[in-house]
Amino acid sequence: MATSEAGSLRLGTAQGRWVLIATVLGSSMAMLDGTVVNVALPRIGTDLGASLASLQWTLNAYLLTLAGLILLGGALGDRYGRRRVFLIGVIWFAAASAACAAAPTIHVLIAARAVQGIGGALLTPGSLAMLQAVFHPDDRSAAVGLWSGLGGVSAAIGPFLGGWLVDGPGWRWIFLLNLPLAAAVIAVTSRYVPESRDETAIGRFDVPGALLAALALGAITYALTAAGEGLSPGVWVSGALGLLLAAAFVAVERRAPDPMLPLGLFSSRLFTAVNLVTLCVYAAFSGVFFLLVVQLQTVSGFSPLVSGFALVPITLLMLTLSARAGRLGKRIGPRLPLTVGPLLCAAGVLLMLRIGPGSSYWVDVLPAVAVMGSGMTLLVAPLTATVLAAVEVRHAGIASGVNNAAARAAGLLAVAALPAMAGLSGDAYRVPSSVDSAFHTAMLICAGLLAGGGLIASVTVRGNVLAPEEQPVAEPNCDWPCSTTTPPLDPGHSRTPEGHATGTAAGPSSEN
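Residues numbered from 1 in each chain as written. Predicted model: local features only at pLDDT ≥ 70, side-chain atom pairs only at ≥ 80, totals over all residues. Heavy atoms only, no water.

Q: Even after reading the chapter, I still don't get the pattern of salt bridges, so can you show me in this structure?
A: Note that side chains of opposite charge can pair when their charged atoms are close. According to the stated counting rule, one finds four salt bridges in the structure shown. Taking the shortest distance from any N to any O, the salt bridge between Arg82 and Asp78 comes out at 2.8 Å. Neither residue differs from the other here; Arg82 and Asp78 are each classed as buried. (Salt bridge = Lys/Arg side-chain N within 4 Å of Asp/Glu carboxyl O. Buried < 20%, exposed > 50% of the residue type's maximum accessible area, 1.4 Å probe, protein only.)

Q: How do you make sense of the side chain of Thr58 when you look at a structure like this?
A: By secondary structure assignment, the location of Thr58 is in helix H2 (residues 52-80). With relative accessibility at 0%, the residue Thr58 sits in the buried group. Residues within four places of Thr58 in sequence aside, it is in contact with Val37, Leu41, Ile106, Leu109, Ile110 and Arg113. (Helix = DSSP H or I, 4+ residues; strand = E, 2+ residues; numbered from the N terminus. Contact = heavy atoms within 4.5 Å.)

Q: Hey, could you run me through the packing of aromatic side chains in this one?
A: The description of two aromatic rings rests on the distance between their centres and on the angle between their planes. Using the criterion set out here, one finds seven aromatic pairs in the structure. For the pair Tyr282 and Phe285, a centre-to-centre distance of 5.5 Å together with 80° between the ring planes defines the contact as edge-to-face. Of this pair, Tyr282 and Phe285 both sit in helix H10 (residues 269-298), separated by three residues, roughly a single helical turn. You can call Tyr282 partly exposed: its relative accessible area is 22%. The class of Phe285 is buried, set by a relative accessible area of 4%. On the numbers, 5.1 Å between centres and 80° between planes, the contact of Tyr361 with Trp362 is edge-to-face. Judged by its relative accessible area of 10%, Tyr361 is buried. In this structure Trp362 comes out as exposed when scored by relative accessible area, which is 60%. An aromatic cluster is present here, built from Phe309, Tyr361 and Trp362 joined pairwise through their rings. (Phe/Tyr/Trp six-rings, centres within 6.5 Å; stacked < 30°, edge-to-face > 60°.)

Q: Mind showing me how you'd approach H2 here?
A: In a regular helix each residue adds 1.5 Å, so 29 residues correspond to 42 Å; H2 covers 41 Å between its end C-alpha atoms and thus fits that length. Counting buried residues in H2 gives 26 out of 29 residues, a clear majority hidden from the surface. Looking one or two residues past H2, Gly81 carries a phi angle of roughly 115°, positive in sign. (Expected span 1.5 Å × (residues − 1).)

Q: How should the nonpolar core be read in this particular structure?
A: Here is a general trend for soluble globular proteins: nonpolar side chains tend to be buried in one another's company. With 140 residues, the main nonpolar core has Leu109, Phe285, Met352, Met372, Met376 and Met443 as its most contacted residues. Considering each element in turn, this core owes the most residues, 15 residues, to H10. If we skip the residues at most four places from it in the chain, Met376 touches Phe285, Phe289, Ile314, Met318 and Cys345. (Core = buried A, V, L, I, M, F, W, Y, C linked by side-chain atoms within 4.5 Å.)

Q: What am I meant to see in the packing of helix H8 (residues 207-226) against helix H9 (residues 233-255) here?
A: In helix packing, the relevant descriptors are the interaxial angle and the interaxial distance, both defined with respect to the helix axes. It is at 8 Å that the axes of H8 and H9 come closest, and there the two elements cross at 155°. Compared by their axis directions, H8 and H9 come out roughly antiparallel. For the pair H8 and H9, the crossing hand works out as left-handed. Residues Pro208, Gly209, Leu212, Ala213, Leu215, Ala216, Ala219, Ile220, Tyr222, Ala223 and Ala226 of H8 lie in contact with H9, whose contacting residues are Val235, Ser238, Gly239, Gly242, Leu243, Leu245, Ala246, Ala248, Phe249, Val252 and Glu253. (Axes fitted to C-alpha atoms, helices over the stretch in contact; angles between N-to-C directions. Parallel < 35°, antiparallel > 145°, perpendicular 65-115°, else oblique. Left-handed = near helix turned anticlockwise from the far one by under 90°.)

This is the structure in structure tokens:
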């Protein structure tokens, strides 16, 4: 049944809905796993005798391979077929999830999480790129809005689901949950999702670039994580090595004939600006979700289930309002949502400073997460749609990969750096007074990052790239000007078959 022509599928059709379901469920596996583990960390630490650094690596091993290889995953999908690579990623992810559930020690769990991140790097960019490639241009913003909202629901519901599993059958079930979910994704995708690829993608894969990106992130992450135990010579060496590897990555990408990260994408000011916003806001989100559940359990005395339930308002807000936020961004342009959204999130994070010993959920927790959830709802769908609209459709896979890499790398570095910046290390995550002090410091840092993201959007985002383009109306034997037709494009511009205006140079127009 997966036979629709690329760029022609309508969201209101039965096949369109199934395609949306497949992409949402697939990306939800990665999003859910990125948050569901957080609420289980204290119990994992107790059961496996792990230090804070080991718990950080339980999150960061997954984020490291995901962030380091997600660009390669997007490129593989563009080359060999987005559906094919997406399905491989789903199968890989499920197998690694089973290994995580069976891990006998914290070190085995960390290794399995790293393998799991590779599967996430294959499936995550494909889920969004398939939407952009197969749906009709008029339906893309709504589809991306629904994808963002429902995917955000998966990320937000993760702590609640994780708390229920940790309090019930045990933390290992948070990984076993991926197996039936993967089976459903494989069945729906194989039947309903049409294949799509970039027919112009040729040449060799940028393996040196992928290795340098992963090594640079790994070295920097190690330095930031180890800094919590003191600034030893090893920390400085690892940090310096990471920066050198990052510089080497940029140099390799400039010279590579087929780079993993086409630096020409950043000739679009809009694409660059929105990825900077992504770095700021997702670093903050990761820091908040990492430390909030620890604060609620260790300091406020909430159970894992109640700690997970604390984030349900974000789930409900994103479920009910994300599609509307996508349509709002299409109508008024992305600047206002990308400015106001992070500022609302910052206000919610500042309200979390009230959370401490003996806090009430209704008085101290609910107002904070409700305000933060309102900001996330306003922000996420326009942010994602703007990233994709800033480049040509044929670059959808790599653009999605770049933005996902920015989000994951930001979360990786935040989880590594925030505890050290806030003064939390070793086994101090079990000491309520230490956690409380570190939490308040970290929330101030996260609020500053969110405010910075809003300021960047306010200054740099211009125009309405999400608005549908008016198409020239063809009239027989009619030279310009004609009665009611749209004027031709400015000299030096053309349109893709999907109707997007582009510059004559390779990559998006610099006017974006």
